[in-house]
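Fold and geometry: a report
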Amino acid sequence: MNKKKIRLSTPEMVSDFVNVCSKYDCDINVYDGSINLDAKSIIAMFGIMQGKVIEVQAISSDESVISRFIEDMRKFEV
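Given the structure is predicted, the values throughout are model-derived calculations rather than measurements.

Structural notes on the overall build of the protein
When helices and strands are tallied, the protein shows 3 helices and 4 strands. Start at the N end of the protein and walk to the C end: the helices and strands fall as β-α-β-β-α-β-α. Over its C-alpha atoms the protein spans a radius of gyration of 11 Å, differing by no more than 12% from the 12 Å that the globule rule assigns to 78 residues. In terms of its C-alpha atoms, the protein occupies a principal-axis envelope of roughly 30 × 25 × 20 Å. Counting all 78 residues of the protein, 38% fall into the buried class. For the protein, restricting intrachain contacts to residue pairs at least 6 apart in sequence, the fraction spanning at least 24 positions comes to 67%. Only carbon and sulfur atoms are counted for the fraction: they give 49% of the accessible area of the protein, which is about 4,500 Å².

Put into structure tokens, the structure is as follows:
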């Protein structure tokens, strides 16, 4: 399972998060309760209340992609 709990507390963090996610070719989903959002969409990400704990997951069968993604998410981890 490669879901990580993260928190985006400022507009700058949201922008940085979307930029990091956009460099991946795979789908990246953000889960806000029962809502599933595209992590590469700046509009969707700004729609989430800042400071709220959410989960993020990269969808890929390539373990190296998952490992890099998990490492990139460390700065947003709760």
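Back to the write-up after that little detour.
Overview of a nonpolar patch on the surface
A surface patch of nonpolar side chains, about 310 Å² in accessible area, is lined by I42, I43 and F46. Among the structural elements, F46 can be located in helix α2 (residues 42–46).

A word on the environment of R74
Position of R74 relative to the elements: it lies in the segment after α3 (63–73). For R74, a relative accessible area of 45% corresponds to the partly exposed category. Along the primary structure R74 and K4 are separated by 70 residues, whereas in three dimensions their C-alpha atoms are 8.8 Å apart.

Description of the packing of aromatic side chains
What the rule picks out here adds up to 2 aromatic pairs. For the ring pair Y24 and F69, a centre distance of 5.6 Å and an interplane angle of 85° mean the geometry is edge-to-face. Taken together, the residues span a long stretch of sequence, with Y24 in the loop between α1 (11–22) and β2 (27–32) and F69 in helix α3 at a distance of 45 residues. F69 shares its class with Y24; the two are buried.

What about the nonpolar core?
The biggest cluster of nonpolar side chains holds 24 residues, and the ones touching the most others in it are F17, I28, V30 and M45. What F17 contacts, discounting residues up to four positions off in sequence, is I6, L8, V30, A39, M45, V56, M73 and F76.

What counts as what
- Residues numbered from 1 in each chain as written.
- Predicted model: local features only at pLDDT ≥ 70, side-chain atom pairs only at ≥ 80, totals over all residues.
- Heavy atoms only, no water.
- Helix = DSSP H or I, 4+ residues; strand = E, 2+ residues; numbered from the N terminus.
- Rg over C-alpha atoms; globule rule 2.2 N^0.38 Å.
- Buried < 20%, exposed > 50% of the residue type's maximum accessible area, 1.4 Å probe, protein only.
- Contact = heavy atoms within 4.5 Å.
- Areas by Shrake-Rupley, 256 points an atom, 1.4 Å probe, with all protein chains shown as cover.
- Patch = residues over 30% accessible without salt bridge, like charges linked within 9 Å, V, L, I, M, F, W, Y side chains within 5 Å.
- Salt bridge = Lys/Arg side-chain N within 4 Å of Asp/Glu carboxyl O.
- Phe/Tyr/Trp six-rings, centres within 6.5 Å; stacked < 30°, edge-to-face > 60°.
- Core = buried A, V, L, I, M, F, W, Y, C linked by side-chain atoms within 4.5 Å.

It is worth stressing that arrangement in space is one thing and function is another; only the former is reported here.
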